[in-house]
Amino acid sequence: MDVVLTLVVLALIVAGVMWVVRQRSAAQARELEDAKSEARRWVERLGGQVLNLIGTDDASKQALADAAERYTAAGSQMEQARSIAQARQVTETAREGLYYVRAARIAMGLDPGPELPPLPGQQRAGAVSEEREVEVEGHAYGASPAPSERNRHYYPGGMVAGRPVPQGWYSE
């Protein structure tokens, strides 16, 4: 009788463990699908802007080209996303692309659209507040808060090679 009771208890324990593992696996799958759905939403939003806007000057054309690069990268990342962290990277890439779209819209004198969530490191890096010329490792760079003939390359702000780079328009 003790052997039968022990076997029944062991069977219940094994069944319980299997049930918990399945529940955890199902929850992780739902979380991954939610993260992918969120990423798809941002990629589709970026795609709609990239495919419908045409730059009117050098600065807006460059910003839209950069946005198109992010759109392509986000699409590629989306195909390969197998984890929640990878799906979040897709979202971040698409949001970065939308910052470039926003900059292009501003350069063309259009409504920039709704505010976007900040990118990692963006708030820490700040934004260019005035026309500046800086020299980094013997090379001169221009920066400004608005596009100009010299400063037609937009950067949404963040960390580059471990250094904060403010949001703004740059010469390169």
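Shown above is the structure to which this text applies.
A quick note: this is a predicted structure, and the numbers were derived from the prediction, not measured. (Residues numbered from 1 in each chain as written. Predicted model: local features only at pLDDT ≥ 70, side-chain atom pairs only at ≥ 80, totals over all residues. Heavy atoms only, no water.)

Draft legend 1. Here's a closer look at the nonpolar core. Grouped together as the largest cluster of nonpolar side chains are 30 residues, with contacts concentrated most on Leu 46, Val 101 and Trp 169. It is helix H3 (residues 84-107) that contributes the most residues to this core, nine residues altogether. Other than its neighbours up to four places away in sequence, Val 101 contacts Leu 46, Gln 49, Val 50, Leu 53, Leu 64 and Ala 67. (Core = buried A, V, L, I, M, F, W, Y, C linked by side-chain atoms within 4.5 Å. Buried < 20%, exposed > 50% of the residue type's maximum accessible area, 1.4 Å probe, protein only. Helix = DSSP H or I, 4+ residues; strand = E, 2+ residues; numbered from the N terminus. Contact = heavy atoms within 4.5 Å.)

Draft legend 2. Region of the structure containing the packing of helix H2 (residues 58-80) against H3. In the contact formed by H2 and H3, the axes pass within 8 Å of each other and the chain directions differ by 165°. Judged by the angle between their axes, H2 and H3 are roughly antiparallel. When you trace H2 past H3, the crossing you get is left-handed. Contacts from Ala 59, Ser 60, Ala 63, Leu 64, Asp 66, Ala 67, Arg 70, Ala 73, Ala 74, Gln 77, Met 78 and Gln 80 in H2 reach Gln 86, Gln 89, Val 90, Thr 93, Ala 94, Glu 96, Gly 97, Tyr 100, Val 101, Ala 104 and Ala 107 in H3. Here the contact of H2 with H3 is composed, by residue class, of 13 nonpolar, seven polar and three charged. (Axes fitted to C-alpha atoms, helices over the stretch in contact; angles between N-to-C directions. Parallel < 35°, antiparallel > 145°, perpendicular 65-115°, else oblique. Left-handed = near helix turned anticlockwise from the far one by under 90°. Nonpolar A, V, L, I, M, F, W, Y, C, P; charged D, E, K, R; others polar.)

Draft legend 3. Layout of H3. Compared with an ideal rise of 1.5 Å per residue, which puts 24 residues at 34 Å, H3 spans 35 Å between its outermost C-alpha atoms and is within 8% of the ideal. A large share of H3 lies buried, amounting to 18 of its 24 residues. Backbone geometry just downstream of H3 places Gly 109 in the positive-phi region, at approximately 80°. (Expected span 1.5 Å × (residues − 1).)

Draft legend 4. Here's a closer look at the pattern of salt bridges. This structure, assessed with the given rule, holds eight salt bridges. Through salt bridges with shared partners, a single ionic network connects Asp 58, Glu 149 and Arg 152. (Salt bridge = Lys/Arg side-chain N within 4 Å of Asp/Glu carboxyl O.)

Draft legend 5. Spotlight on the sheet that holds strand E2 (residues 139-144). As summarised here, the arrangement of the four strands in space is E1-E2-E6-E3, forming an open sheet in which the pairing is antiparallel. Across the chains shown, the open sheet's two edge strands, defined by having one partner strand only, are strand E1 (132-136) and strand E3 (153-155). This sheet shows a mean twist of 35° between the axes of neighbouring strands, independent of strand direction. Summarising the sheet, E1 and E2 pair through five bridges and their orientation is antiparallel. Within E2, the position partnered with Val 136 by the bridge is His 139. Its contacts with the sheet place H3 against E3 and strand E6 (168-170), and it is angled at close to 135° to E3. (Pairing = 2+ DSSP bridges.)

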